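As a plain string of letters, each chain reads:
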Amino acid sequence: MKTQGEIEAAVCDGINRFEQEYMGRGPKNIHAHLIGDLVVVRLQGVLTAAEQQLSKSLPSEKGRDLLKQVRTQLVETARPLLEAMIHQITDIKPLSMHHDISTVTGEEVILFTLAESPICREVRKK
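Throughout what follows, the structure given in this document is the object of discussion. Treat the numbers as computed from the prediction; the structure is a model and nothing was measured.

What counts, and where the lines are drawn
Residues numbered from 1 in each chain as written. Predicted model: local features only at pLDDT ≥ 70, side-chain atom pairs only at ≥ 80, totals over all residues. Heavy atoms only, no water. Pairing = 2+ DSSP bridges. Helix = DSSP H or I, 4+ residues; strand = E, 2+ residues; numbered from the N terminus. Axes fitted to C-alpha atoms, helices over the stretch in contact; angles between N-to-C directions. Parallel < 35°, antiparallel > 145°, perpendicular 65-115°, else oblique. Left-handed = near helix turned anticlockwise from the far one by under 90°. Contact = heavy atoms within 4.5 Å. Expected span 1.5 Å × (residues − 1). Buried < 20%, exposed > 50% of the residue type's maximum accessible area, 1.4 Å probe, protein only. Arc of directions from axis to C-beta.

## Re the pairing of strand S3 (residues 94-101)
For step 1, the next point in the chain: Judged from the seven bridges that link them, S3 and strand S4 (residues 107-114) form a sheet pairing that is antiparallel. By the bridge assignment, serine 96 is partnered in S4 with threonine 113.
For step 2, the next point in the chain: Once S3 ends, the chain turns through five residues before running back antiparallel as S4, passing glycine 106 with a positive phi of about 70°.

Structure below.
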């Protein structure tokens, strides 16, 4: 049985590997939070230089929409892989996954809803 911190760290490692392998680069910063039956992953600094240029060069709505469509399609294509990773880490089946990215801040959020809250081992205090 893992602690909450061990689960969160494993999720960060797995999502970071995914970002590097599928998107071509990892985030500058990543945090995962286990909140009941939710796993919230916040990634900062995920936009590539090309994506930043794309969102600036076209009219703002068109660049933003195009970038969000591409990122959403990539994440949706990898959904089985991401859900399997979360299942392996938490030992709980994910029910749904939600994703969004900001072209303004370069922040990405991935949220997993689990079938139930994982049972975590208490941290031993020294």
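## So, the packing of helix H1 (residues 4-23) against helix H4 (residues 79-90)
For step 1, the next point in the chain: Where H1 meets H4, the axes come as close as 10 Å, and the angle between the chain directions of the two elements is 160°. Taken together, the axes of H1 and H4 lie roughly antiparallel to each other. For the pair H1 and H4, the sense of crossing is right-handed. On H4, the residues touching Ile7, Ala10, Val11, Gly14, Ile15, Phe18 and Tyr22 of H1 are Leu81, Leu82, Met85, Ile86, Ile89 and Thr90.

## A closer look at H4
For step 1, the next point in the chain: A rise of 1.5 Å per residue sets the reference length of H4, with its twelve residues, at 16 Å; its end C-alpha atoms lie 16 Å apart and thus fit the reference within 8%.
For step 2, the next point in the chain: Buried within H4 are the following residues: Leu82, Glu83, Met85, Ile86, Ile89 and Thr90. For H4, the angular spread of the buried residues around the axis is 155°, confining them to a single face. More than 90 degrees from the buried face of H4, the exposed residues found are Pro80 and Gln88.
For step 3, the next point in the chain: Phi turns positive, to about 65°, at aspartate 91, one or two residues after H4.

## Some points on the pairing of strand S1 (residues 29-35)
For step 1, the next point in the chain: Every second residue of S1 is oriented toward a common face, the buried set being Ile30, Ala32 and Leu34 and the non-buried set Asn29, His31, His33 and Ile35.
For step 2, the next point in the chain: Sheet topology note: the S1/strand S2 (residues 38-44) ladder contains seven bridges and is antiparallel. When the bridges of S2 are listed, leucine 34 appears paired with valine 39.
For step 3, the next point in the chain: Counting the residues that bridge the hairpin from S1 to S2 gives two residues, and of these glycine 36 lies at a positive phi of roughly 60°.

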